[in-house]
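The lines below spell out each chain.
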Number of protein chains: 2
Amino acid sequence: MKNKAARLQSIREIIIHSRVKSQEEILQKLIEQGFDLTQATLSRDLKQLRIAKVPGNDGSYVYIMPEIGSVGKLMQEKMGDNPQRHIPGGFISINFSGNLAVIKTRPGYAGSLAYDIDSNTPPEVLGTIAGDDTVLVILEEHINHQQALLALSPFIPEV
Amino acid sequence: MKNKAARLQSIREIIIHSRVKSQEEILQKLIEQGFDLTQATLSRDLKQLRIAKVPGNDGSYVYIMPEIGSVGKLMQEKMGDNPQRHIPGGFISINFSGNLAVIKTRPGYAGSLAYDIDSNTPPEVLGTIAGDDTVLVILEEHINHQQALLALSPFIPEV
DNA sequence: ACTATATTTGAATAATTATGCGGCAAATAT
DNA sequence: ATATTTGCCGCATAATTATTCAAATATAGT
């Protein structure tokens, strides 16, 4: 049984990158990924992540990431456990200014780091723009730096 | 049996003005207002109005209308199942944070979209920065999101 | 008006989602 | 070391929501 934080992250990826229309579908994908859980747990996870099922325009339903507001819970969640983070090379520093984070990397590494962040988009991150050695991360409004740091922590070394 | 349109309108108002957490609650309010319907019909109405039940911050659930602020996510969702529909400029979604707008596009389209915006510079827009699939739009300081959306609307599909 | 076609609806039910409860394990306190 | 608390989870089931089916009602064309 993998740990819960990893599972939550996988759920977010599934929600963002694919078009699931029931918990059973999500469950199926998670099990394919090697997680071992039941619908009951998934339901609780979705509640915690504040993921919702909304009517789509094609006459069926789709699970989507919620709008703003799950930060508090997510932060508590992340603080509670000790995720093993993969540390991509090239990271140099991170600094904040308002609702922006500026990540400095070794030359050439910005793109891959931004890609990592993008493909795992935490809800706190609206998007990223990468130059050669700098990643600009645009954060959700009302996110403070500590929260942002936590959201980005999977992508950067021990903060 | 009252008019369906009137009923839908009442449902919208109920959703907007009160915190209902189940269809039964909505149903009760509608019946109090003199409508005569069952949960089955309400479920269909909610589907038609694309009203969703989302996990709330108080540990329970709330029905909400899609609103501005969640525009981007909903739009991604909306367009995903209609791949044949051509999106001008590769537009995918727009989100706001403070005096910034972040526009996501299909890969490679950010530059041309930014160029379009730049060459038509609305007064609300100070400038743009484009990556590969993301355009950062820097807005005049005291522009609100609605105004910004309006200013940018010529460049994005109907919101 | 009359028939054909489409829309709307309720009843029943299917399908889906949420949760009470107990077990278990890890952490914390005594 | 033992007791207590805390968090996580599955099972079973409750609660909720979506849909099928048939009937009723509305709409359009002639």
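The structure we're discussing is the one just above.
Residues numbered from 1 in each chain as written. Chains lettered and ligands numbered in written order. Predicted model: local features only at pLDDT ≥ 70, side-chain atom pairs only at ≥ 80, totals over all residues. Heavy atoms only, no water.

Residue and element names in this part refer to chain B. Sheet topology note: the strand 5 (residues 125-130)/strand 6 (residues 134-139) ladder contains five bridges and is antiparallel. Following the sheet pairing, Gly127 is matched in strand 6 by Ile138. Turn length for the strand 5-strand 6 hairpin, with the two strands adjacent in sequence and antiparallel, is three residues. (Pairing = 2+ DSSP bridges. Helix = DSSP H or I, 4+ residues; strand = E, 2+ residues; numbered from the N terminus.)

Before going further, it helps to examine the protein's contact with DNA strand C. Every one of the 18 residues lining DNA strand C counts as a neighbour, but Gln23, Arg44 and Tyr63 of chain A together with Arg7 and Thr41 of chain B are closest to it. Close to the protein, within 4 Å, the atoms of DNA strand C are drawn from sugar and phosphate at a rate of 62%. One of the side-chain N or O atoms of Gln39 of chain A is found 2.9 Å from a base nitrogen in DNA strand C. Taking Lys47 of chain A, its side chain carries an N or O atom lying 2.9 Å from a phosphate oxygen of DNA strand C. Looking at the surface near DNA strand C, the elements with two or more residues in it are helix 3 (39-49) of chain A together with helix 1 (4-17) and helix 3 (39-49) of chain B. Examining the composition of the surface near DNA strand C, we find that five residues originate from one element, helix 3 of chain A, more than from any other. In terms of residue class, the surface near DNA strand C is built from five nonpolar, six polar and seven charged. (Near = heavy atom within 4 Å. Polar contact = N/O pair within 3.5 Å; in protein donor to acceptor, adjacent residues only side chain to side chain. Nonpolar A, V, L, I, M, F, W, Y, C, P; charged D, E, K, R; others polar.)

Let's shift gears to the protein's contact with DNA strand D. Every one of the 18 residues lining DNA strand D counts as a neighbour, but Arg7, Thr41 and Arg44 of chain A together with Gln23 and Tyr63 of chain B are closest to it. If you look at DNA strand D and keep only atoms within 4 Å of the protein, 67% of those are sugar or phosphate atoms. Between Lys47 of chain B and DNA strand D, the recorded distance is 2.9 Å, taken from a side-chain N or O atom to a phosphate oxygen. No other element matches helix 3 of chain B, which puts five residues into the surface near DNA strand D. Looking at the surface near DNA strand D residue by residue, the classes come out as five nonpolar, six polar and seven charged.

Turning our attention to the pattern of salt bridges. Residues and elements named next belong to chain A. As enumerated under the stated definition, the model contains four salt bridges over all chains in all. Of the charged contacts in the structure, one is a salt bridge between Arg7 and Asp45, with a shortest N-O distance of 2.6 Å. Of the two residues, Arg7 is situated in helix 1 (residues 4-17) and Asp45 in helix 3; the sequence distance between them amounts to 38 residues. The exposure class assigned to Arg7 is buried, which follows from its relative accessible area of 9%. Since its relative accessible area comes to 2%, Asp45 is described here as buried. (Salt bridge = Lys/Arg side-chain N within 4 Å of Asp/Glu carboxyl O. Buried < 20%, exposed > 50% of the residue type's maximum accessible area, 1.4 Å probe, protein only.)

This part takes up the sheet that holds strand 5 of chain B. The strands that make up a sheet pair up through hydrogen bonds in the backbone, lying either parallel or antiparallel. All names here are of chain B. Read across the sheet, four strands follow the order 3-4-6-5 without closing on themselves; strand pairing throughout is antiparallel. Among the strands making up the open sheet, the edge pair consists of strand 3 (91-97) and strand 5. The mean inter-strand angle of the sheet, taken between neighbouring strand axes irrespective of direction, is 20 degrees. (Axes fitted to C-alpha atoms, helices over the stretch in contact; angles between N-to-C directions.)

On to the packing of helix 1 of chain A against helix 2 (residues 23-32) of chain A. All names here are of chain A. The geometry of helix 1 relative to helix 2 is characterised by a closest axis approach of 10 Å and an angle of 120 degrees between their N-to-C directions. Considering the angle they form, helix 1 stands oblique to helix 2. In terms of crossing hand, the pair formed by helix 1 and helix 2 is right-handed. Two secondary-structure elements touch here, helix 1 through Arg7, Ser10, Ile11, Ile14 and Ile15 and helix 2 through Ile26, Lys29 and Leu30. (Parallel < 35°, antiparallel > 145°, perpendicular 65-115°, else oblique. Left-handed = near helix turned anticlockwise from the far one by under 90°. Contact = heavy atoms within 4.5 Å.)

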